[in-house]
Amino acid sequence: MHLFTLLFISALAIGLVLQLWLMQRQQRHVATHRAQVPPAFADKVTLQEHQKAADYTRAKLDIGHINLFIGTGLLLLWTLGGGIDFLHRQWQLWPVDPIWSGIALIFSVSLISALLELPLGIWNTFVLETRFGFNRTTARRFITDLLLQLLLALLLGIPLLWVILWLMERSGDTWWLAAWAVWMGFMLLMLWIYPTLIAPIFNKFTPLEEGPLKQRIQGLLERCGFTSKGIFIMDGSKRSGHGNAYFTGFGHNKRIVFYDTLAESLEGNEMEAVLAHELGHFKRRHVLKHLLLSSVMSLIGFALLGWLAEQSWFYQSLGVNGQSNALALLLFMLALPVFSQFLQPAMATMSRRHEFEADDFAVEQAGAAPMIQALVKLYRENASTLTPDPLYSAFHDSHPPAPVRVAHLSAKIQPVPTEKEATE
């Protein structure tokens, strides 16, 4: 057995055991605290709502177990099981340019994997989400979304893959640098066109109506020096009962979006606080920092791919006898997450630090109390557990756990001065 094969299997096994252990901890921790609402939320969340969140969390973990085993099994079948090697030989029989046969190979692996994982997705949407009152999509809309996603993958993915494979073939030893530049350009283009060209394919975006709320939000935007293409309400309720808010876009093409489910449940000061939090990411340059980090990591990834593509052992160690640019790209995309998963806690730590900074900005602009009230409503309506296991949360959660986040905000509430203190 080649050394890299051993490293691949070891990393895959360690990752699998680690994830199962973390899931078991989360299951046990949530179940242990199911009977009582945490003291910090006792006057805000009912026991029934708390238990619904606990049951929903545990049900999603059950699905997560199945998904983890399916993903691991598919990865082994594609690589060491010879699946990719078989498909590669089949596509080689077609008398087409190697670039096009390579694109066909990558898309066929992706499509087959998606079809094999589809039953679990259907179960998650129409059984689990329906059981807890969140699913609002129909079978027709579900199928339409899948077809639209496939069409977008073809329209966007084929040109990108063609350019990268062409560069791998024609640009010499430094092709990876040119490919990285193309990739970054593609990512920036997607950030630019997503709000106006892609997102409206799936959802309807209605400008926020004139009135006190819009005036309040525009006042916040002016104070923060944030310019956007508008404030919109998205019809997220046609698919799910979950709520959220975000700003999207790039440069002058930014827009602010509230899910209609969220807009219906929050008061004006709470919506202002949520928006202030999102603007905090902008003001603290979190988006730029994330983009720069992603740029550096993708550059390292392309450089590594450039070296691995020339190593015959890389292909043989992952169950493939042939050697081609498309095989190198496909095997790299499949193998990289096996090793990069161990960076997840560090990435989650950075993300949680950014969330604290955005919360602090929201407190400065809208106050701590409205932010706490908005978060509690989000936790309650999304059935987010209030008692996650600390280790599981540290590994997986991009946002601080509910008790920690609320405690952080509560510490910033200024106490009301007594009559004696006010006169001194």
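Residues numbered from 1 in each chain as written. Predicted model: local features only at pLDDT ≥ 70, side-chain atom pairs only at ≥ 80, totals over all residues. Heavy atoms only, no water.

Some details on the overall build of the chain
Tallying secondary structure elements over the chain gives 17 helices and 4 strands in all. Relative to the 2.2 N^0.38 estimate, which gives 22 Å for 424 residues, the radius of gyration of the chain is 24 Å and therefore close to what a compact globule would have. For the chain, with 424 residues in total, the buried portion stands at 45%. Put simply, of all contacts in the chain between residues at least 6 apart along the chain, 77% involve residues at least 24 apart. Only carbon and sulfur atoms are counted for the fraction: they give 64% of the accessible area of the chain, which is about 21,900 Å². The distance from the centre of the 33 positive side-chain charges to the centre of the 33 negative ones in the chain is 1 Å. (Helix = DSSP H or I, 4+ residues; strand = E, 2+ residues; numbered from the N terminus. Rg over C-alpha atoms; globule rule 2.2 N^0.38 Å. Buried < 20%, exposed > 50% of the residue type's maximum accessible area, 1.4 Å probe, protein only. Contact = heavy atoms within 4.5 Å. Areas by Shrake-Rupley, 256 points an atom, 1.4 Å probe, with all protein chains shown as cover. Lys, Arg positive; Asp, Glu negative; His and termini not counted. Charge placed at Lys NZ, Arg CZ, Asp CG, Glu CD.)

Section: the pairing of strand E4 (residues 255-259)
Of all 5 residues in E4, 4 are buried, a share of seventy percent or more. The pairing of strand E2 (residues 231-234) with E4 spans 4 bridges and is parallel. Of the residues in E4, the one forming a bridge with methionine 234 is tyrosine 259. Bridging between strand E3 (residues 245-248) and E4 involves 4 bridges; their strand directions are antiparallel. By the bridge assignment for E4, tyrosine 246 is matched with valine 257. (Pairing = 2+ DSSP bridges.)

With respect to the pattern of salt bridges
Oppositely charged side chains may form a pair once their charged atoms are brought near each other. Tallied over the entire structure, the rule returns 16 salt bridges. Put simply, arginine 284 and glutamate 364 hold a salt bridge, and the shortest N to O gap is 3.7 Å. Here glutamate 364 lies in helix H13 (residues 344-366) and arginine 284 lies in the loop between helix H9 (268-283) and helix H10 (286-308), a separation of 80 residues in the sequence. Taken together, the shared-partner salt bridges in this structure form one network comprising Arg216, Arg223 and Glu272. (Salt bridge = Lys/Arg side-chain N within 4 Å of Asp/Glu carboxyl O.)

Looking at the side chain of glutamine 19
With respect to the helices and strands, glutamine 19 occurs in helix H1 (residues 3-32). Setting aside residues up to four positions removed in sequence, glutamine 19 forms contacts with Leu68, Gln341, Phe395 and His396.

Looking at unusual backbone geometry
With a phi close to 60°, arginine 285 is a non-glycine residue in the positive phi region. Unusually for a residue other than glycine, alanine 383 sits at a positive phi of about 55°. For alanine 383, a relative accessible area of 2% corresponds to the buried category.

Details of the UniProt feature "transmembrane region" (unreviewed entry) in the chain
Within the UniProt annotation, "transmembrane region" (unreviewed entry) is assigned to residues 6-23, 66-87, 99-126, 146-168, 174-194, 291-309 and 324-343. Secondary structure across residues 99-126 divides into 100% helix and 0% strand, with the first and last C-alpha atoms of the span separated by 39 Å. The span residues 291-309 is 95% helix and 0% strand, and its two end C-alpha atoms sit 26 Å from each other. (UniProt positions renumbered as here; feature names shortened; annotations may be inferred.)

Considering the packing of aromatic side chains
Scanning the entire structure with this criterion turns up 13 aromatic pairs. Centre to centre, the rings of tryptophan 307 and tryptophan 313 are 5.8 Å apart; their planes meet at 65°, and the pair counts as edge-to-face. Since its relative accessible area comes to 45%, tryptophan 307 is described here as partly exposed. Over the face of the ring belonging to phenylalanine 134 we find lysine 52, whose NZ or CZ atom lies 4.8 Å from the ring centre. Positioned over the ring face of phenylalanine 232 is arginine 255, at 4.0 Å from the centre of the ring. (Phe/Tyr/Trp six-rings, centres within 6.5 Å; stacked < 30°, edge-to-face > 60°. Lys NZ or Arg CZ within 6 Å of the ring centre and 35° of its normal.)

Topic: the nonpolar core
Ile84, Phe314 and Tyr315 are the most contacted members of the largest nonpolar core, which has 46 residues in total. The leading source of residues in this core is helix H12 (residues 325-340), at 9 residues. Sequence-distant contacts of isoleucine 84, that is, excluding residues within four places in its chain, are made with Trp78, Leu105, Val109, Val320, Leu327, Leu330, Leu331 and Leu334. Counting 39 residues, the second largest nonpolar core, distinct from the first, contains Phe226, Leu262, Val376 and Tyr379. (Core = buried A, V, L, I, M, F, W, Y, C linked by side-chain atoms within 4.5 Å.)

Considerations on the environment of threonine 32
Structurally, threonine 32 can be placed in helix H1. When the C-alpha positions of threonine 32 and isoleucine 164 are compared, they lie 51 Å apart, and in sequence the two are 132 residues distant. A polar atom in the side chain of threonine 32 sits 2.7 Å from the backbone oxygen of arginine 28. (Polar contact = N/O pair within 3.5 Å; in protein donor to acceptor, adjacent residues only side chain to side chain.)

Focus: H13
Under the 1.5 Å per step criterion, the end-to-end length of H13 is 32 Å for 23 residues, consistent within 8% with the ideal 33 Å. All of the buried residues in H13 are Ala348, Met350, Ser351, Arg352, His354, Glu355, Ala358, Asp359, Phe361, Ala362, Val363 and Ala366. In this structure, the buried side of H13 is in contact with helix H7 (212-224), H9, H10, helix H14 (368-381), helix H15 (390-396) and helix H16 (402-410). Just past H13, the residue glycine 367 takes up positive phi, approximately 95°. (Expected span 1.5 Å × (residues − 1).)

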